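Chain by chain, the residues run as shown.
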Amino acid sequence: MKIVFVLPFLTIWCLCFSHAHGLRPPFRPKDILPLLPRQVSRPILNTLYSPIDILPTFVGDVSSPDDNLEWKGACFYKNRAWLEFHNKSGSEYGGGTLHIKVSDAHSWTCMDLYIFATPYRVTWDYYFLSREHTLEIKEWEGKAEYEYAKHKGVSIFLMEAGMLGTLQALWDVFPLFTNTGWGESSNIEFLKNHMGASFQERPQPWVTNVSVDDIHSGDFLAISKIRGRWGGFETLEKWVSGAYAGHSAVCLRDSEGKLWVAESGHENEEGQDVIAILPWDDWWNFELTQDDSNPHIALLPLHPAIHAKFNNTAAWKYALSMCGRPYGYHNLIFSWIDTISGNYPPPLDAHVVASVMTVWTHVQPEYAANMWNEALNKRLGTKGLSLPEVLVETERRGTSFDELLTIPEQDDWIYSDGKSTSCVAFILEMYKEAGLFDPIASSIQVTEFTIKDAYALNFFESNSSHLPKWCNDGDSVKLPYCQIKGKYRMELPGYNTMDPYPHMNEKCPSLPPKYNRASGC
């Protein structure tokens, strides 16, 4: 127990030591925080680290001994890297040695953690000693990796939070995906800290007694899940896109007046996420009694003038043609990425995206192919290229991967499993078929829209006095839409403010926390 009493004094001494004459301290306070009692260290660690510290920062590419790649690390302030090609293996293309020279550590106990990647491999290493280190690549994975390394190089990524911070970040990311009270509070704190969300508690009851007679075809359902697997996924989606909802569905009435909900992302009996059309009562009962993600739901009624344009027959025809098809994973990330650098919250960038894709390709190749391989091939005008081959082909054409990611998705692209529509793209494609984007429908690519882009469209009723009487019943704050479920008041910044225009949302930045967009982007 003596260490409990000694460490606080050492920490204070270290703080003073570090400011005296510019001397290097033997350790930094946060190096020893994990040794303190949990009730002491945990609140301090939470202020120093966050879940986004799990993401690496791109340092640069190194491809030859002549490269002069230098940078400041988290531990070592002076670093240099170069790549030496050799043929120690006696193979056709040989291998290489990556040299990393590190020096000028800020303390005696720190270390730097790195990830190294090409399209064909991902590895990592950490450095504790101030000297030259080497990473051996015994043999390149054939001509393609050899040529890539020669011309593009090996990418270097720094885990800026260091070993401790990365482990802390992993610990902080884990609860985002857990179906627990801890998970819910973690998601809420993340969105508060990184998006500026407020999560103001509403007065009870938190479920509205909905009168379905007041719901019409085309009315939009914005859904926000804050716990469990989908809660964690939506939290990250909201952070990168600026959307304050993570899922969506749409209401439809049939010729007999029965109300239905059409949704891309419904989990069927086989556990697959598909497009489905469900009776309102079944859908609503599931959300009330079986959805364990604590969904918050808002009904966004179409404005009467917009509803008058809504071609219900065409909407049904489209919905039925898509029913049973897979959820649109193919274009999910491409609605978010529109620009070279204006869509990546730090430390994300296109290099990190490529490295994450590479890791997933090795871990779950079928999942990776579904998520991005086909979409990347569409942008290149190629077929069947793997992710490494896509990266090599991109380099061969003299363009960059970040430029490739910004090419707008096209609504008429057909993938191996048919047209690909995420939850919001499915709804907006229905709006398109129903005439709501006329006369500019041919110049609108709805697969480029995020959920935020959808609820920002000037299609909805925003005058609270014109909403059904049961809307926001019992709430002192009269929202311009109907929140029908949820403990916390749903925020939809920019709601109902944007008139459609040609090529809308194809080149828009989206950086937190303000998510400002350029005019006409």
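Shown above is the structure to which this text applies.
These notes cover the structure that comes with them. (Residues numbered from 1 in each chain as written. Predicted model: local features only at pLDDT ≥ 70, side-chain atom pairs only at ≥ 80, totals over all residues. Heavy atoms only, no water.)

A word on empty space enclosed by the protein
Basically, it comes down to this: Residues are called lining when one of their atoms sits within 4 Å of a cavity or pocket point, these points coming from a 1 Å grid over the protein atoms alone, where a cavity is a set in which a 1.4 Å probe fits but cannot get out and a pocket is an open set with protein on both sides within 12 Å along at least five of seven lines. Grid points are joined across faces, edges and corners, and a volume is the space filled by probe spheres set on the points. Gly is put with the polar residues, along with every residue not named as nonpolar or charged; the nonpolar set is Ala, Val, Leu, Ile, Met, Phe, Trp, Tyr, Cys and Pro, and the charged set is Asp, Glu, Lys and Arg.
The full count for this structure, using the stated rule, is 4 cavities of 30 Å³ or more. Around the largest cavity, the lining is made up of 14 residues, and of these F199, S224, Y244, M490 and E491 lie nearest the centre. When grouped by side-chain class, the residues that make up the lining of the largest cavity number 9 nonpolar, 2 polar and 3 charged. Its volume calculated, the second largest cavity comes out at about 120 Å³. Along the walls of the second largest cavity sit 14 residues, with S241, D453, C508, P509 and S510 positioned nearest its centre. Class assignment for the residues of the lining of the second largest cavity results in 5 nonpolar, 5 polar and 4 charged.

Focus: the packing of aromatic side chains
Put simply, the rule reads: We call Phe, Tyr and Trp rings a pair once their centres come within 6.5 Å, taking the six-membered ring for Trp, and we label the pair stacked below 30 degrees between planes, edge-to-face above 60, and tilted otherwise. The numbering of helices and of strands both runs from the N terminus, where a helix is a DSSP run of H or I of at least 4 residues and a strand a run of E of at least 2. Exposure classes here rest on a 1.4 Å probe applied to the protein chains alone. A residue is buried below 20% of its type maximum, exposed above 50%, and partly exposed in between. Any Lys NZ or Arg CZ that is within 6 Å of a ring centre and within 35 degrees of that ring's normal is treated as a charge sitting over the ring.
The tally for this structure, following the rule as stated, stands at 26 aromatic pairs. Taken together, a centroid distance of 5.6 Å and an interplanar angle of 35° make the contact between Y93 and Y146 tilted. Residue Y93 is located in the loop between β3 (76-86) and β4 (95-105), and its partner Y146 is located in helix α4 (residues 142-151); the two are separated by 53 residues in the primary sequence. Y93 gets classed as partly exposed once you look at its relative accessible area, which sits at 25%. Aromatic rings pair up to connect F310, Y431, F437, F449 and F459 into one cluster. In this arrangement the basic side chain of K150 is found over the ring face of F85, its NZ or CZ atom lying 4.4 Å from the centre. A cation sits over an aromatic face here: K378 above Y415, 5.4 Å from the ring centre.

A word on the sheet that holds strand β1 (residues 57-62)
Formally: Strands are treated as partners if at least two bridges between them are detected by DSSP. Whenever a helix is involved, its axis is fitted only over the stretch in contact; in every case the axis is a line through C-alpha atoms, and angles between N-to-C directions fall within 0 to 180 degrees.
Read across the sheet, 4 strands follow the order β1-β8-β5-β6 without closing on themselves; strand pairing throughout is antiparallel. This sheet does not close on itself; its edge strands, each paired only once, are β1 and β6 (121-127). Geometrically, the sheet is characterised by an average inter-axis angle of 25° between neighbouring strands, direction not taken into account. Pairing analysis gives 5 bridges linking strand β5 (residues 112-118) to strand β8 (residues 154-159), with the strands arranged antiparallel. Paired with F116 across the strands is I156, a residue of β8.

Overview of the layout of surface pockets
The calculated volume of the second largest pocket comes to roughly 550 Å³. Taken together, 26 residues line the second largest pocket, and the ones lying closest to its centre are K225, W230, G265, E267 and D291. Those elements that place two or more of their residues in the lining of the second largest pocket are α7 (228-241), β11 (259-267), β12 (273-279) and α8 (280-289). Of the residues contributing to the lining of the second largest pocket, the split by class is 7 nonpolar, 8 polar and 11 charged.

Concerning the side chain of R379
Stated precisely, the cut-off is as follows: In the analysis that follows, any N or O atom pair within 3.5 Å is treated as a polar contact, provided that within protein one partner can donate a hydrogen and the other can accept it, and provided that, for residues neighboring in sequence, both atoms belong to side chains.
Mapping R379 onto the fold places it in helix α12 (residues 365-380). Accessibility expressed as a relative area gives 8% for R379, which makes it buried. Here A375 takes part through its backbone oxygen, which lies 3.0 Å from a polar atom of the side chain of R379. Engagement of the side chain of R379 in a polar contact is seen with the backbone oxygen of I407, the distance being 3.0 Å.

Observations regarding the state of the cysteines
Put simply, the test is: In what follows, a disulfide is any cysteine sulfur pair within 2.5 Å.
Summed over the entire model, instances satisfying the criterion amount to 3 disulfides. Once the bonded cysteines of the protein chain are numbered in order along the sequence, the disulfide links fall as 1-2, 3-4, 5-6.

Quick notes on α7
So the rule is basically this: By definition here, a helix of n residues has an expected span of 1.5 Å times n minus one. Pairs of residues are marked as contacts when any of their non-hydrogen atoms sit within 4.5 Å.
Over its 14 residues, α7 runs 20 Å from end to end, which matches the ideal 20 Å to within 8%, given 1.5 Å per residue. All of the buried residues in α7 are G228, G231, G232, E234, T235, K238, W239, V240 and S241. Elements in contact with the buried residues of α7: α6 (181-195), β9 (220-224), β10 (247-253) and α16 (451-456). Immediately downstream of α7, the backbone of G242 shows phi near 85°, a positive value.

Concerning the sheet that holds strand β2 (residues 69-71)
Backbone-to-backbone hydrogen bonds join strands into a sheet, with any given pair of strands oriented parallel or antiparallel. Strand order in the open sheet formed by 4 strands is β2-β3-β4-β7, with antiparallel pairing between adjacent strands. Every interior strand has two partners, whereas the edge strands, β2 and β7 (132-137), have only one. Shown here is a sheet whose adjacent strand axes are inclined to one another by a mean of 20°, direction ignored. As judged from the 6 bridges shared by β4 and β7, these two strands associate in the antiparallel manner. Bridge assignment links K101 to a residue of β7, and that residue is E132.

Notes on a nonpolar patch on the surface
To keep things clear, this is the line we draw: Exposure above 30% relative accessible area and the lack of any salt bridge qualify a residue for a patch; like charges then connect within 9 Å, and the nonpolar side chains Val, Leu, Ile, Met, Phe, Trp and Tyr within 5 Å. Here the Shrake-Rupley method, with its probe set to 1.4 Å, supplies the accessible areas, and only the displayed protein chains count as covering residues. We define a salt bridge as a contact between a side-chain nitrogen of Lys or Arg and a carboxyl oxygen of Asp or Glu at a distance within 4 Å.
On the surface, V356, W360 and Y367 cluster together into a nonpolar patch covering about 250 Å² of accessible area. Tracing the sequence through the fold places W360 in helix α11 (residues 350-363). Residue class for W360 comes out partly exposed when judged on its relative accessible area of 34%.

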